[in-house]
Amino acid sequence: MRFLPLAVLITWLALPVATAAETTPALMTVTGEGQAAAVPDMASLSLGVATRGTTAAKALGANSTALAAVLAQLAADGIAPRDIQTSGLSVSPRYDYSDQGEGRLLGYDAHNMVTVRVRDLARLGVVIDAAFAAGANEFNGLSFGLADDRSAVDAARRAAVADARARAELYAEAAGVSLGRIVTITEAAAGNAPQPMALRAAPMAAPPVPIAAGELSLGAQITVVYEIIQ
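Keep in mind it's a predicted model, so treat the numbers as computed, not measured.

Caption draft 1: Spatial organisation of the sheet that holds strand β2 (residues 42–53). Read from one edge of the open sheet, four strands run β3-β4-β2-β5, paired in antiparallel fashion. Edge strands, defined here as strands with exactly one partner in the open sheet, are β3 (84–96) and β5 (138–145). Put simply, the sheet's adjacent strands are angled 15° from each other on average, direction ignored. Where β2 meets strand β4 (residues 104–118), 11 bridges bridge the pair, whose relative direction is antiparallel. Within β4, the residue paired with G48 across the bridge is M113. Across the sheet, helix α3 (residues 124–133) lies against β2, β4 and β5, angled at about 165° from β5, the strand it touches most.

Caption draft 2: Quick look at the sheet that holds strand β7 (residues 216–229). One open sheet holds the three strands; their spatial order is β1-β7-β6, and the pairing between them is antiparallel. Strands at the two margins of the open sheet, each flanked by one partner only, are β1 (26–38) and β6 (178–187). Each neighbouring strand pair of the sheet contributes to a mean axis angle of 30°, computed without reference to strand direction. Across 13 bridges, the pairing between β1 and β7 is antiparallel. Across the sheet, residue Q35 finds its bridge partner in β7, namely G219. The strands touched by helix α4 (residues 150–175) are β1, β6 and β7; relative to β1, the strand with the most contacts, the crossing angle is about 145°.

Caption draft 3: Local environment of the side chain of E138. Examined against the element boundaries, E138 turns out to sit in strand β5. Accessibility expressed as a relative area gives 6% for E138, which makes it buried. At 3.2 Å, the side chain of E138 forms a polar contact with the side chain of H111.

Caption draft 4: Just the environment of L142, in detail. Along the chain, L142 falls in strand β5. Classification of L142 by relative accessible area gives buried; the value is 5%. When the C-alpha positions of L142 and S46 are compared, they lie 6.6 Å apart, and in sequence the two are 96 residues distant.

Caption draft 5: Quick peek at the pattern of salt bridges. Under the criterion given, the structure shown has 12 salt bridges. A salt bridge links R123 to D77; its shortest N-O distance comes to 3.3 Å. Of this pair, R123 sits in the loop between β4 and α3 while D77 sits in the loop between α2 (56–76) and β3; the two residues are 46 residues apart in sequence, bridging distant segments of the chain. The salt bridge involving R181 is made with E227; its shortest N-O contact spans 3.1 Å. Placement of R181 in strand β6 and of E227 in strand β7 is noted, with a sequence separation of 46 residues between them. The class of R181 is exposed, set by a relative accessible area of 52%. The exposure class of E227 is buried, given its relative accessible area of 18%. What emerges from the salt-bridge pattern is a single network uniting R52, R94 and D109.

Caption draft 6: How the structure looks around a nonpolar patch on the surface. Side chains of L60, L89 and V91 sit close together on the surface and give an oily, nonpolar patch of about 240 Å² of accessible area. Structurally, L60 is set in helix α2. Residue L60 is classed as partly exposed on the basis of its relative accessible area of 34%.

The rules behind these values
- Residues numbered from 1 in each chain as written.
- Predicted model: local features only at pLDDT ≥ 70, side-chain atom pairs only at ≥ 80, totals over all residues.
- Heavy atoms only, no water.
- Pairing = 2+ DSSP bridges.
- Helix = DSSP H or I, 4+ residues; strand = E, 2+ residues; numbered from the N terminus.
- Axes fitted to C-alpha atoms, helices over the stretch in contact; angles between N-to-C directions.
- Contact = heavy atoms within 4.5 Å.
- Buried < 20%, exposed > 50% of the residue type's maximum accessible area, 1.4 Å probe, protein only.
- Polar contact = N/O pair within 3.5 Å; in protein donor to acceptor, adjacent residues only side chain to side chain.
- Salt bridge = Lys/Arg side-chain N within 4 Å of Asp/Glu carboxyl O.
- Patch = residues over 30% accessible without salt bridge, like charges linked within 9 Å, V, L, I, M, F, W, Y side chains within 5 Å.
- Areas by Shrake-Rupley, 256 points an atom, 1.4 Å probe, with all protein chains shown as cover.

Quick look at the structure:
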């Protein structure tokens, strides 16, 4: 049996390790951002009824009667049942602490809020007016949105990918290297929900409240990992 010299054997054993190290590619990670504008086609508003009573039952009973009238008016204005959802219901005691004591029970406050989707923006002001005329006395927010935002979000994604590519090419040029293949593409969690405008309102009078829907901006964030060719 022939034996390799020790030096040759050590070199031969080291070759796979060196080869593996040489073939491990360098990587570049970049994040791109994209925006797309869209005209809203629906609105969500939060409105409801606040009532008081000497007992919890009386406060809640008065509240239920008033809210039933508001819901009937919303239905008369063409709002479908699927577009009305209870968002908050509470009954709480009301105390008088003016004597610096434990407090004297004055009665109870009841609140019942509903979230309403209005799909005909041309009638949004009329719907709000009519709801307050029917008995609503709380208004906690208004926001605009899209019934289907897929095309706008996809446009933002394309812009984000293009932004990531432009950044990667810039970094590669500055570093004197070339971009290789894409290893991974990752999208950050979406955060495009429009934020409501917080306000409180008293019953509204004619003419209908003017509403300006404006424009929505939807965003996307994409992280791309490239191989680097040196």
